[in-house]
Amino acid sequence: MKTREIAEFLDAELVGDGDIEIVSVGALDSAKEGQIAFVERSDKGVVTAASCLIVPVDFSDTVTHIKVADPKLAFARLARRLVGEQQPFGRSQTAVIHEEAHVQADFVGDFVSVAANAQIGEGCVIHDGVRIGRNVVIGKLSIIYPNSVVYDNVHIGENCVIHAGCVVGADGFGYVKDEAGNYEQFPQIGTLVIEDNVEIGANSCIDRGSLGETRIGEGTKIDNLVQIAHNVSIGKRVVIAAQTGISGSTVIEDDCVIGGQVGMGDHATVKSGAIIGSQAGVLPGKIVRAGVWWGTPVQPLDEYKRQNAMVKGLGRLREEVRDLKAALLDRPRGDPAEDEE
Amino acid sequence: MKTREIAEFLDAELVGDGDIEIVSVGALDSAKEGQIAFVERSDKGVVTAASCLIVPVDFSDTVTHIKVADPKLAFARLARRLVGEQQPFGRSQTAVIHEEAHVQADFVGDFVSVAANAQIGEGCVIHDGVRIGRNVVIGKLSIIYPNSVVYDNVHIGENCVIHAGCVVGADGFGYVKDEAGNYEQFPQIGTLVIEDNVEIGANSCIDRGSLGETRIGEGTKIDNLVQIAHNVSIGKRVVIAAQTGISGSTVIEDDCVIGGQVGMGDHATVKSGAIIGSQAGVLPGKIVRAGVWWGTPVQPLDEYKRQNAMVKGLGRLREEVRDLKAALLDRPRGDPAEDEE
Amino acid sequence: MKTREIAEFLDAELVGDGDIEIVSVGALDSAKEGQIAFVERSDKGVVTAASCLIVPVDFSDTVTHIKVADPKLAFARLARRLVGEQQPFGRSQTAVIHEEAHVQADFVGDFVSVAANAQIGEGCVIHDGVRIGRNVVIGKLSIIYPNSVVYDNVHIGENCVIHAGCVVGADGFGYVKDEAGNYEQFPQIGTLVIEDNVEIGANSCIDRGSLGETRIGEGTKIDNLVQIAHNVSIGKRVVIAAQTGISGSTVIEDDCVIGGQVGMGDHATVKSGAIIGSQAGVLPGKIVRAGVWWGTPVQPLDEYKRQNAMVKGLGRLREEVRDLKAALLDRPRGDPAEDEE
């Protein structure tokens with residue numbers, strides 16, 4: 001892609017040579033010839049071997065550059081465009097596709113299996129060893145990385161990315177005790193709907209609903225090794241970092257940000273716009289309002305910090321109490337106590 | 001299945017039409033015609049489109065219903081019966097089964113591999129891409145979901161369910177430092193025994209013993225992304241929620257309930273009947289008695305709550321100390337101090 | 001292997017019969033005839049059915065034994081030698097190896113797929129269902145267990161072990177918000193380098209760098225279900241227990257020991273020799289010096305213990321304050337207060 005074409009793609013002003021061939025993106029400090037990098041702010045000088053830079057509008061330098069309102073965003077878009085051109089294409093002869101499945105994907109890798117009545121949209125990339133269950137629907141342009149497993153009846157939207165080793169649509173974890181104290185599985189036969197533009201990290205698990213549905217809203221991004229239980233409802237544009245676990249029937253509304261290793265009890269509600277720090281714990285049934293939350297059980301960040309500071313100050317508080325006691329015992333006549341610290 | 005047959009299956013009284021055809025189970029509020037739902041308690045009115053209800057014995061309504069002692073349990077059993085009839089059957093030609101393996105399973109999916117001397121019992125369902133190692137024994141009627149891996153020499157009982165992406169029988173995590181400070185693996189060549197009626201959630205890992213065995217007791221249920229280390233012994237009817245990790249040689253006795261994201265150190269013992277709350281931490285070697293436990297390090301729930309309340313009250317305590325100090329300094333002659341709060 | 005050969009292999013003194021045939025290793029208390037066990041210290045009597053023992057130099061007993069400086073280490077080395085002889089060999093006809101890949105491995109299992117330009121060294125064992133991406137390089141004698149996924153361009157050193165279900169080289173978790181509040185992926189196109197002698201537990205995930213690299217140093221050992229984010233740099237001989245998560249760009253220097261379920265924020269630095277206890281939390285950007293650390297946020301173990309003790313003593317402190325208050329109010333004339341506790 002020539003620098004001129006990149007400027008056109010970004011709908012932005014090019015300053016410098018429009019005929020430089022760009023093959024890939026790179027970081028400012030390690031980019032080589034033929035790469036394009038980005039500068040986030042114009043406040044410091046730039047030393048780079050990149051052939052072109054994506055820069056803020058107030059940038060000036062002798063290196064060829066393209067001026068945009070948000071360089072990091074423009075860089076991300078360009079990178080997606082450059083990488084997208086390297087997608088695999090074709091259908092492996094080793095794939096087993098049920099005759100009653102309807103597969104339009106651009107690519108189906110080795111040892112993929114697609115069960116009856118599955119529908120896979122145009123432009124999809126289904127990597128090696130992926131399992132697609134019965135009646136699964138996958139929208140256009142979605143990518144499923146190797147060895148992921150999609151259980152029966154799951155719906156996946158358009159333009160989704162599911163990384164390797166994910167398990168979507170497995171049974172939820174629900175049991176009833178029988179007369180003898182043994183656990184009998186409560187039915188886990190509901191659905192899982194993953195809306196458009198969702199990305200799911202490697203080895204994450206999202207369970208189907210028990211009788212109802214589990215739903216992941218449009219544009220939500222989920223990191224690796226995340227656990228989402230049955231009947232959970234996650235809104236749009238939610239971000240969930242690695243190893244977080246969300247228990248059954250919990251609701252996370254739109255535009256929340258959830259840190260890593262967070263644990264949420266069942267039937268909790270996280271209101272739109274809430275931000276929950278890493279390793280936090282949300283009790284079952286808790287309602288978490290908008291704002292920044294931290295700790296177990298979660299508290300507003302300010303309270304968490306204040307409380308943490310008070311715990312850290314416990315040694316001093318204990319000293320003070322000891323001094324007071326001494327003062328009260330030793331100077332019973334009321335002499336002004338000296339602060340001994 | 002007709003309503004009359006369902007009543008017979010549940011050994012229960014049918015009130016209403018015995019000829020209604022039931023095709024599946026549903027939730028009370030979303031069930032449709034041809035579905036059966038359940039009512040847990042008779043204390044509120046019922047509005048449903050279900051064709052039949054499983055209800056407590058004191059229930060009365062015009063809709064066709066079946067009276068049982070424990071509606072939720074009866075519903076669960078019926079659901080298992082209805083779903084069980086949809087199990088796949090046959091043996092994929094793409095599966096590679098070692099000539100010295102003995103496979104009686106009802107179903108072996110695509111790209112399954114079964115190594116030498118493995119034995120898989122009658123009625124088993126081995127889904128696509130599952131790996132069965134050498135000398136593995138799997139009892140009757142067990143189900144292994146896609147892409148799970150069973151290492152060599154693992155024993156799995158009857159009627160077990162192992163969800164997708166599980167790894168059972170991998171090496172434990174044990175090393176010895178050599179003279180140069182490098183880690184040499186301590187042998188991880190023991191066994192793993194999974195008893196009957198155990199269920200294991202997606203992407204969970206259970207390591208083999210180092211020299212001895214790891215054991216999961218009968219009827220135990222394990223959620224997704226759980227880690228169970230080498231030489232752990234888990235009793236019967238234990239429930240372990242998602243993302244919990246149990247370190248080496250720890251013992252969990254029968255009928256314990258372990259929340260999600262719990263961490264247990266090595267060589268701990270959890271006595272029969274203990275309940276451990278989510279995100280709790282059990283120190284190595286700790287003995288956890290029956291009762292409800294919470295926090296890190298775990299404490300009895302009452303203590304945990306009391307302590308949490310005291311930490312929350314620290315601000316007030318600090319105020320009180322300040323007031324006392326002021327009172328002692330300002331009123332040395334002994335005037336009764338006023339409580340300023 | 002005869003006892004005489006074992007003594008030669010360990011370069012150690014044999015006391016007793018050199019012609020006993022040893023087939024495997026066992027634990028001291030459960031070993032059978034034909035097995036060799038080890039005794040860590042000579043301070044207690046030994047009762048064993050093992051045919052030979054590896055013992056400290058001051059050991060004496062009638063059972064055939066081999067005297068070494070570090071019995072546990074010698075035992076581990078011997079076990080590795082005995083197990084190593086049972087490695088599989090050959091290349092499955094069901095494997096799909098790209099014609100432009102260069103595979104010298106000793107074993108390639110069923111349904112393995114190897115993409116273009118991948119290089120796999122001599123003596124490697126690539127188990128069933130493993131996916132090797134384009135341009136992947138794997139050094140000599142490495143073992144990759146079933147259904148693991150190696151994304152494009154990842155470098156794996158010599159003598160590495162990657163357990164089943166691992167995902168190495170997936171996209172990191174990084175996004176840029178666009179004008180409409182949607183998340184656009186920041187490019188995740190860097191590399192992942194796993195140096196020699198690294199072991200990675202089942203179902204763990206290590207992401208590639210975004211633009212730069214993620215690196216796992218020589219001799220580092222990683223347990224199951226661990227998450228390592230993009231651009232993380234882990235030094236040599238680091239041990240990381242199960243379910244720990246390390247956020248982007250964090251640096252862990254050589255010879256650190258990280259417990260299970262630890263969470264580390266991004267851009268933190270753990271200095272060489274630090275030991276971090278299980279479930280600890282390291283804040284973003286934090287520098288953790290050598291020493292033992294515990295809790296969230298991490299503190300030196302001594303401080304953590306002191307603080308924990310103080311929190312546990314809060315009830316008593318509150319009593320003391322109450323008594324002081326009472327003393328100040330009730331005995332304003334200065335009578336020495338009695339300690340009522």
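The structure presented is a predicted model; accordingly, all values stated were derived computationally and were not measured.

**A closer look at the interface of chain A and chain B**
Residue-level contacts link 66 residues of chain A with 59 residues of chain B. Roughly 4,800 Å² of surface becomes buried between chain A and chain B when both sides are summed, with 63% attributable to carbon and sulfur atoms. The interface formed by chain A and chain B includes five salt bridges. Ionic pairing is found between R80 of chain B and E184 of chain A, a salt bridge with its closest N-O pair at 3.2 Å. Our count for the contact surface shared by chain A and chain B stands at 24 residue pairs in polar contact (both at pLDDT 80 or more). Within the residue set of the side of chain A that touches chain B, elements represented by two or more residues are β19 (167-170), β20 (175-177), β21 (183-185), β24 (205-207), α3 (301-312) and α4 (314-330) of chain A. With seven residues, the top contributor of residues to the side of chain A that touches chain B is α4 of chain A. Broken down by class, the residue content of the side of chain A that touches chain B amounts to 32 nonpolar, 23 polar and eleven charged.

**Here we look at the relation of the copies chain A and chain B**
Structural alignment of chain A on chain B gives an RMSD of 0.0 Å, achieved by rotating through 120° and translating 0.0 Å along the axis. Read as a symmetry element, the transformation amounts to a three-fold axis.

**Details of helix α1 (residues 3-10) of chain A**
Taken as a whole, α1 of chain A has its buried residues at T3, I6, A7 and L10 of chain A. Along the long axis of α1 of chain A, the arc covered by the buried residues comes to 100°, so they all point the same way.

**With respect to a nonpolar patch on the surface**
The grouping of V257, I275 and V292 of chain A at the surface amounts to a nonpolar patch, some 180 Å² of accessible area in total. Within the secondary structure, V257 of chain A sits in strand β32 (residues 257-258).

**Thoughts on the side chain of E195 of chain B**
All names here are of chain B. With respect to the secondary-structure elements, E195 resides in the loop between β22 (191-194) and β23 (199-200). A relative accessible area of 16% means that E195 is categorised as buried. A distance of 2.7 Å separates a polar atom in the side chain of E195 from a polar atom in the side chain of R215. Every residue in contact with E195, bar those within four places of it in the chain, is listed here: G157, C160, R215, I216, G217, E218 and K236.

**Some points on the packing of aromatic side chains**
The full count for this structure, using the stated rule, is 24 aromatic pairs over all chains. Their ring planes at 80° and their centres at 5.3 Å tell us that F173 of chain C and Y175 of chain C sit as a pair that is edge-to-face. You can call Y175 of chain C buried: its relative accessible area is 19%. Residues Y175 of chain C and Y183 of chain C carry aromatic rings whose centres are separated by 6.3 Å and whose planes lie at 75° to one another, so their mutual orientation is edge-to-face. For Y183 of chain C, a relative accessible area of 17% puts it in the buried group. A connected cluster of aromatic rings, assembled from ring pairs, spans F38 and F75 of chain A together with F186 of chain C. Just above the ring of F186 of chain A sits the side chain of K72 of chain B; from NZ or CZ to the centre is 5.2 Å.

**Digging into the sheet that holds β22 of chain B**
All names here are of chain B. Strand order in this open sheet of ten strands is β8-β11-β14-β17-β22-β25-β28-β31-β34-β37, and the pairing throughout is parallel. Only two strands of the sheet have a single neighbouring strand rather than two, namely β8 (102-103) and β37 (287-288). When β8 meets strand β11 (residues 119-120), the two strands line up parallel, connected through two bridges. For H102, the partnering residue across the bridge sits in β11 and is Q119.

**Some remarks on the sheet that holds strand β25 (residues 213-216) of chain A**
Strand pairs in the sheet, formed through backbone hydrogen bonds, run parallel or antiparallel to each other. Residues and elements named next belong to chain A. Taken together, the ten strands give an open sheet; going across it, the order is β8-β11-β14-β17-β22-β25-β28-β31-β34-β37, and neighbouring strands pair in parallel fashion. Strands at the two margins of the open sheet, each flanked by one partner only, are β8 (102-103) and β37 (287-288). One ladder, built from two bridges, connects strand β34 (residues 269-270) with β37; its direction is parallel. Paired with V270 across the two strands is V288, which belongs to β37.

**A look at the interface of chain C and chain A**
The accessible area lost on association of the parts is a frequent measure of interface size. With 66 residues of chain C in contact, the opposing surface of chain A contributes 59 residues. Note on chain C versus chain A: buried area summed over both sides is about 4,800 Å², and carbon and sulfur give 63% of it. Counting across the interface, chain C meets chain A through five salt bridges. Those elements giving two or more residues to the side of chain C that touches chain A turn out to be β19 (167-170), β20 (175-177), β21 (183-185), β24 (205-207), α3 (301-312) and α4 (314-330) of chain C. Counting residues per element, the side of chain C that touches chain A draws most heavily on α4 of chain C, which supplies seven residues. For the side of chain C that touches chain A, a count of residues per class yields 32 nonpolar, 23 polar and eleven charged.

**A closer look at the confidence of the model for chain A**
Residues and elements named next belong to chain A. This prediction gives chain A a mean pLDDT of 93; 96% of its residues lie at or above 70. The low-confidence segment residues 332-341, where pLDDT is below 50, has 19 contacts with residues more than four positions distant or belonging to other chains. Here the complex is predicted with pTM 0.94, and the ipTM for its interfaces comes to 0.93.

**A look at α3 of chain C**
Compared with an ideal rise of 1.5 Å per residue, which puts twelve residues at 16 Å, α3 of chain C spans 16 Å between its outermost C-alpha atoms and is within 8% of the ideal. All of the buried residues along α3 of chain C are L301, Y304, Q307, M310 and V311 of chain C.

**With respect to the pattern of salt bridges**
Opposite charge on two side chains allows them to pair when their charged atoms are near. All chains considered together, the criterion is met by 51 salt bridges over all chains. Residue E320 of chain C is joined to R316 of chain C by a salt bridge in which the shortest nitrogen-to-oxygen separation is 3.6 Å. Residue E320 of chain C and its partner R316 of chain C are located together in helix α4, separated by four residues, close to a single helical turn. Residue R316 of chain C is classed as partly exposed on the basis of its relative accessible area of 47%. Each of R77, R80, E199 and K221 of chain A together with D178, E179 and E184 of chain C takes part in one network of salt bridges that share partners.

**Some points on the pairing of strand β4 (residues 52-55) of chain A**
Residue and element names in this part refer to chain A. Residues C52 and I54 point to one face of β4 and L53 and V55 to the other, with burial holding for every one of them. As defined by bridge partners, strand β3 (residues 35-38) adjoins β4 across three bridges and the pair is classed as parallel. Paired with A37 across the bridge in β4 is L53. When β4 meets strand β5 (residues 65-67), the two strands line up parallel, connected through three bridges. Looking at β5, one finds that L53 is bridged to H65.

Calculation criteria
- Position labels on residues start from 1 in each chain and follow its written sequence.
- Chain letters and ligand numbers both follow the written order, the letters beginning at A and the numbers at 1.
- This being a predicted model, a pLDDT of at least 70 is required before a residue's local features are given, and a value of 80 or more before pairs of side-chain atoms are given or counted; all residues contribute to the totals for chains, interfaces and linings.
- Just so you know, side-chain values use all the structure's heavy atoms and leave hydrogens and water out.
- In this analysis, two residues are considered to be in contact whenever any of their non-hydrogen atoms come within 4.5 Å of each other.
- Once two parts are put together, the accessible area they lose, assessed with a 1.4 Å probe and summed over both, is termed the buried area.
- Here, a salt bridge means any Lys or Arg side-chain nitrogen found within 4 Å of an Asp or Glu carboxyl oxygen.
- N or O atoms closer than or at 3.5 Å make up a polar contact, with two conditions inside protein: a donor-capable atom paired with an acceptor-capable one, and, for residues adjacent in sequence, both atoms drawn from side chains.
- Helix and strand definitions follow DSSP, with helices as H or I runs of at least four residues and strands as E runs of at least two, each counted in order from the N terminus.
- In this classification, the charged set is Asp, Glu, Lys and Arg, the nonpolar set is Ala, Val, Leu, Ile, Met, Phe, Trp, Tyr, Cys and Pro, and all remaining amino acids, among them Gly, are polar.
- Copies are brought into register by a least-squares superposition over C-alpha atoms of residues with pLDDT of at least 70 in both.
- Think of it in three bands: residues with accessible area under 20% of the maximum for their type are buried, residues over 50% are exposed, and the middle band is partly exposed, with areas taken using a 1.4 Å probe on protein chains only.
- The arc in question is traced by the directions running from the helix axis to the C-beta atoms.
- Patch membership needs two things, relative accessible area over 30% and no salt bridge, and members are linked within 9 Å if like-charged or within 5 Å if nonpolar (Val, Leu, Ile, Met, Phe, Trp, Tyr).
- Computed with a 1.4 Å probe, the accessible areas rest on the Shrake-Rupley method; for each residue, only the protein chains presented here act as cover.
- Pairing of aromatic side chains requires ring centres within 6.5 Å, counting the rings of Phe and Tyr and the six-membered ring of Trp. Pairs whose planes differ by under 30 degrees are stacked, by over 60 edge-to-face, and all others tilted.
- A ring is considered to have a charge above it if a Lys NZ or an Arg CZ atom is located within 6 Å of its centre and within 35 degrees of its normal.
- Should DSSP find at least two bridges between two strands, the strands are taken to pair.
- How sure the predictor is of each residue is captured by pLDDT, a score from 0 to 100.
- A helix is expected to reach a length of 1.5 Å times the quantity of its residues less one.

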